[in-house]
Amino acid sequence: SWPDDCNWGYEYEMCTLWALFTLEKTFPEPPAVNISATKADDPDPVQPGATLTYDVVVENEGLVDSAGVVMTDTLPAEVTYVSDDGGCTHAAGEVVCDLGAMAAGDVANIEIVVTVDTDFIGTMTNTVEAWPIEDDSDPTNNTWNETTEVEYGYYYIPDAEHLADSISSIQVAN
């Protein structure tokens, strides 16, 4: 509120400075770029040796266009890269996609296909990050970790190597 002693007298200049300082503090932050990354896996759980698909969604949730966004997906060590539909590059377990400019509200969908190692059972984690070239107004939503359970399914038939490891003796009766 306006101070009681502000009047059109000698204190006018001080009161004007006070008003400007107060108003300056109440202006909202300027609109900014806000890139988010999410991911889903299918199927989950998955069997060893099976194909696994990661669906990555990168969105500019901000009110300002971004001049450029890069998505990096760090694949788990327990998978082998097969393909992607985003024109990305793959090297040393990382899939990198230059998504280019993203207007406010734009969404990019990238599908990444991998094969799970035949000798892995357990939980694996895949991490995706997406960052604009500008400052991001909310960096807490730029990274997503997706966990996938790898387990033998009901109809799993192991290959000969794994079958031999799991059989200790066979009895044949006539």
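Preceding block: the structure.
Student: Give a description of the environment of Thr89 that names residues and reports values.
Tutor: Here Thr89 lies in strand β5 (residues 89-91). Residues Thr89 and Thr72, spaced 17 residues apart in sequence, show a C-alpha to C-alpha distance of 9.7 Å. Apart from the residues lying within four places of it in its own chain, the contact partners of Thr89 are Glu94, Val95 and Val96.

Student: Provide a residue-level description of the side chain of Thr148, including the pertinent values.
Tutor: Here Thr148 shows up in strand β9 (residues 143-150). Under the relative-accessibility criterion, Thr148 is labelled buried at 0%. Within the structure, the side chain of Thr148 is placed 2.5 Å from the side chain of Asp41, a separation counted as a polar contact. Among residues more than four places away in sequence, those in contact with Thr148 are Asp41, Pro43, Asp44, Val46, Leu52, Tyr54, Gly122, Thr123 and Met124.

Student: Let's hear about a negative patch on the surface: which residues, and what values?
Tutor: On the surface, a cluster of negative charge is contributed by Asp42, Asp44, Asp55, Asp85, Glu111, Glu149 and Glu151. Note on placement: Asp55 falls in strand β2 (residues 51-60).

Student: Give me the sheet that holds strand β8 (residues 122-132): which residues, what numbers.
Tutor: Taken together, the five strands give an open sheet; going across it, the order is β5-β6-β3-β8-β9, and neighbouring strands pair in antiparallel fashion. Single-partner strands in this sheet number two, and they are β5 and β9. Direction aside, neighbouring strands of the sheet carry axes that sit 20° apart on average. Looking at chain direction, strand β3 (residues 66-74) and strand β6 (residues 94-102) are connected through seven bridges and run antiparallel. Counterpart to Val70 in the pairing with β6 is Asp98.

Student: Break down the state of the cysteines for me, citing the residues and quoting the values.
Tutor: As enumerated under the stated definition, the model contains one disulfide in all. Put simply, Cys88 and Cys97 are joined by a disulfide, and their sulfur atoms are 1.7 Å apart. The disulfide joining Cys88 to Cys97 has a torsion of about 85° about its S-S bond and is therefore right-handed. Judged by its relative accessible area of 1%, Cys97 falls in the buried class.

Conventions used here
- Counting from 1, residues in each chain are numbered in the order their sequence is written.
- Note on the predicted model: pLDDT of at least 70 is required for a residue's local features to be given, and 80 or more for side-chain atom pairs to be given and counted; whole-chain, interface and lining totals, by contrast, use all residues.
- For side-chain calculations, the full set of non-hydrogen atoms in the structure is used, while hydrogens and water are omitted.
- We count a stretch as a helix when DSSP gives it H or I for four or more residues in a row; a strand needs E for two or more, and each element gets its number in order from the N terminus.
- Two residues form a contact once any of their heavy atoms are found within 4.5 Å.
- Buried residues are those whose accessible area, probed at 1.4 Å on protein chains only, stays under 20% of the maximum for their type, while exposed residues exceed 50% and partly exposed ones sit between those limits.
- Any pair of nitrogen or oxygen atoms within 3.5 Å is treated as a polar contact; in protein, a donor-acceptor pairing is required on top of that, and neighbouring residues in sequence qualify only through side-chain atoms on both sides.
- Note on patches: the residues involved have over 30% relative accessible area and no salt bridge, like charges join within 9 Å, and the nonpolar side chains Val, Leu, Ile, Met, Phe, Trp and Tyr join within 5 Å.
- For the accessible areas, the method is Shrake-Rupley and the probe is 1.4 Å, while residue cover comes only from the protein chains on display.
- A pair is scored as a salt bridge if a Lys or Arg side-chain nitrogen falls within 4 Å of a carboxyl oxygen belonging to Asp or Glu.
- Counting rule for charge: Lys and Arg are taken as positive, Asp and Glu as negative, and neither His nor the chain ends is counted.
- In this description, the location of a charge corresponds to atom NZ of lysine, CZ of arginine, CG of aspartate or CD of glutamate.
- A pair of strands counts as paired when DSSP detects no fewer than two bridges linking them.
- The axes are straight lines fitted to the C-alpha atoms, using for helices just the contacting stretch, and the angles between their N-to-C directions are given from 0 to 180°.
- Here, the term disulfide refers to a pair of cysteine sulfur atoms separated by no more than 2.5 Å.

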